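# Summary of structural features
The primary structure of each chain is shown beneath.
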Amino acid sequence: TQLLEQSPQFLSIQEGENLTVYCNSSSVFSSLQWYRQEPGEGPVLLVTVVTGGEVKKLKRLTFQFGDARKDSSLHITAAQPGDTGLYLCAANDYKLSFGAGTTVTVRA
Amino acid sequence: NAGVTQTPKFRVLKTGQSMTLLCAQDMNHEYMYWYRQDPGMGLRLIHYSVGEGTTAKGEVPDGYNVSRLKKQNFLLGLESAAPSQTSVYFCASRTGVGYEQYFGPGTRLTVT
């Protein structure tokens, strides 16, 4: 099982600000996923990154996979209250290993 | 399509009682999973199944049993509930190709 560390654990920002959350491991990932979970619901997949150095954009969200495939980041530009939620990274195998998550709160 | 559904949504048990959580998916997915989610610990895998009739242990299997008699259903059983099993339980499924997992809405279980 790969140990995934996410930082920071909590992040509270004002609407319109930018934020970055991180996911790190001592192991190399074959691929990695980012999920967002809203209160009272299950996680929903945002993106899967596969290639070292890969950058994917999803509207105001930018996902980067480290060159060595041991780390990943999620950057949100001009955050909105609708971005509030728990962001989870997960490393892929035939099963997923999840990080503990970053709770993001965007204040209006 | 309903996706992944879980029954019940909430449950309160007394220590020592038993119960079964039901997960159903209508996407014809091969793989199904049971996770528990606790504050500050993310999602931890309890048991999983790679196909009808097969099950395997995950990261935290003790105190739980599972069955996958039909492809669309994955049952999680607690034979003798303990307060340490108070948690939110999520079921997920995916196809045999690709890694995206589809999650149910969760079951909040409290053991007193």
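Predicted, not measured: the structure shown is a model, and the values here were computed from it.

### With respect to the interface of chain A and chain B
Opposite the 20 residues of chain A that make contact, chain B presents 18 residues. Contact between chain A and chain B buries roughly 1500 Å² in total, counting both sides, with carbon and sulfur atoms accounting for 59%. One can count 0 salt bridges joining chain A with chain B. Taken together, the links from chain A to chain B amount to 2 residue pairs in polar contact (both at pLDDT 80 or more). Every element with two or more residues in the side of chain A that touches chain B is listed here: strand 4 (32–37), strand 9 (85–92) and strand 10 (96–98) of chain A. Taken together, the residues of the side of chain A that touches chain B sort by class into 9 nonpolar, 8 polar and 3 charged.

### Let's talk about the sheet that holds strand 7 (residues 61–65) of chain A
Across a sheet, strands are paired by hydrogen bonds formed along the backbone, either parallel or antiparallel in direction. All names here are of chain A. The antiparallel open sheet is built from 5 strands, whose spatial order is 1-3-8-7-6. For this open sheet the edge positions go to strand 1 (4–7) and strand 6 (55–58), each flanked by a neighbour on one side alone. Here the strands of the sheet are splayed against their neighbours by 15° on average, with no regard to which way each runs. Bridge analysis of strand 3 (residues 19–25) against strand 8 (residues 71–76) gives 6 bridges, and the strand direction is antiparallel. Within the sheet, the bridge partner assigned to V21 lies in strand 8 and is L74.

### Let's talk about the packing of aromatic side chains
All names here are of chain B. Counted according to the given criterion, the structure contains 9 aromatic pairs over all chains. Where Y33 meets Y35, the ring centres are 6.2 Å apart and the plane angle is 25°; that geometry is what we call stacked. For the pair Y33 and Y35, a shared accessibility class is recorded, and that class is buried. Between Y64 and Y89, the aromatic rings sit 5.8 Å apart at their centres with planes inclined by 65°, giving edge-to-face as the arrangement. Here the residue Y64 occupies a position in strand 7 (residues 64–67), and Y89 occupies one in strand 9 (residues 87–94), the gap between them amounting to 25 residues. For the pair Y64 and Y89, a shared accessibility class is recorded, and that class is buried. The ring centre of Y31 lies 4.0 Å from the NZ or CZ of R94, which sits over that ring.

### A few points about the layout of surface pockets
Taken as a whole, the largest pocket spans an internal volume of roughly 720 Å³. Along the walls of the largest pocket sit 34 residues, with Q37(A), P39(A), L86(A), Q37(B) and R108(B) positioned nearest its centre. Listed by contribution, the elements that provide at least two residues to the lining of the largest pocket are strand 9 and strand 11 (102–107) of chain A together with strand 9 and strand 11 (107–111) of chain B. Sort the elements by how many residues they give to the lining of the largest pocket and strand 11 of chain B lands first, with 4 residues. Among the residues making up the lining of the largest pocket, the classes are represented as 12 nonpolar, 17 polar and 5 charged.

Conventions adopted
Residues numbered from 1 in each chain as written. Chains lettered and ligands numbered in written order. Predicted model: local features only at pLDDT ≥ 70, side-chain atom pairs only at ≥ 80, totals over all residues. Heavy atoms only, no water. Contact = heavy atoms within 4.5 Å. Buried area = accessible area lost by both parts, 1.4 Å probe. Salt bridge = Lys/Arg side-chain N within 4 Å of Asp/Glu carboxyl O. Polar contact = N/O pair within 3.5 Å; in protein donor to acceptor, adjacent residues only side chain to side chain. Helix = DSSP H or I, 4+ residues; strand = E, 2+ residues; numbered from the N terminus. Nonpolar A, V, L, I, M, F, W, Y, C, P; charged D, E, K, R; others polar. Pairing = 2+ DSSP bridges. Axes fitted to C-alpha atoms, helices over the stretch in contact; angles between N-to-C directions. Phe/Tyr/Trp six-rings, centres within 6.5 Å; stacked < 30°, edge-to-face > 60°. Buried < 20%, exposed > 50% of the residue type's maximum accessible area, 1.4 Å probe, protein only. Lys NZ or Arg CZ within 6 Å of the ring centre and 35° of its normal. 1 Å grid on protein atoms, 1.4 Å probe; cavity = no way out; pocket = protein on both sides within 12 Å on 5 of 7 lines; lining within 4 Å. Points joined across faces, edges and corners; volume = space filled by probe spheres on them.

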